[in-house]
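# Coordinate inspection notes
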Amino acid sequence: MLTLTDTAVEAIRILTDKPDVPPDSGLRIVHHDSAGGLELSIAPGPDAGDEVIETGGVRVFLQTTAAEMLGGRALNAEIAEDDVIFRVASAPENGR
């Protein structure tokens, strides 16, 4: 299962705690191509069949193929003034 670092939880909270975002929203991760590319977006809820991860009050919705690809990995984030960059690490980074 994908784990979330503390920084990823904070980044998702920043993106979903906006007034125009529905309260049960989360980060949705979808696999689209054979090269292993992932698309991340804010979604109002999970699609049918999505795996839902809830950590620290935020939610991540993983499309089935993305969930398989990301099993045993950790989602981390870098937060800048106007931007959030997500990165997938090989192993959990213990909140870093």
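To be clear, the structure that these remarks concern was listed above.
Values in this document were obtained by computation on a predicted structure and should not be read as measured data. (Residues numbered from 1 in each chain as written. Predicted model: local features only at pLDDT ≥ 70, side-chain atom pairs only at ≥ 80, totals over all residues. Heavy atoms only, no water.)

Okay, the environment of A48 next. Of note, A48 is situated in the loop between β3 (38-43) and β4 (51-55). Spatially, the C-alpha atoms of A48 and Q63 are 8.8 Å apart, while their sequence positions differ by 15 residues. (Helix = DSSP H or I, 4+ residues; strand = E, 2+ residues; numbered from the N terminus.)

A few words now on the sheet that holds strand β7 (residues 84-89). Pairing within the open sheet is mixed, and its three strands lie in the order β1-β6-β7. Taken across any chain shown, the strands that pair with only one partner, and hence form the sheet edges, are β1 (3-4) and β7. Two strands pair when backbone bridges link them, and β1 and strand β6 (residues 74-79) are joined in this way by two bridges, in the parallel orientation. Paired with T3 across the bridge in β6 is A74. Running over the sheet, helix α1 (residues 6-16) touches β1, β6 and β7 and is turned about 60° from β6. (Pairing = 2+ DSSP bridges. Contact = heavy atoms within 4.5 Å. Axes fitted to C-alpha atoms, helices over the stretch in contact; angles between N-to-C directions.)

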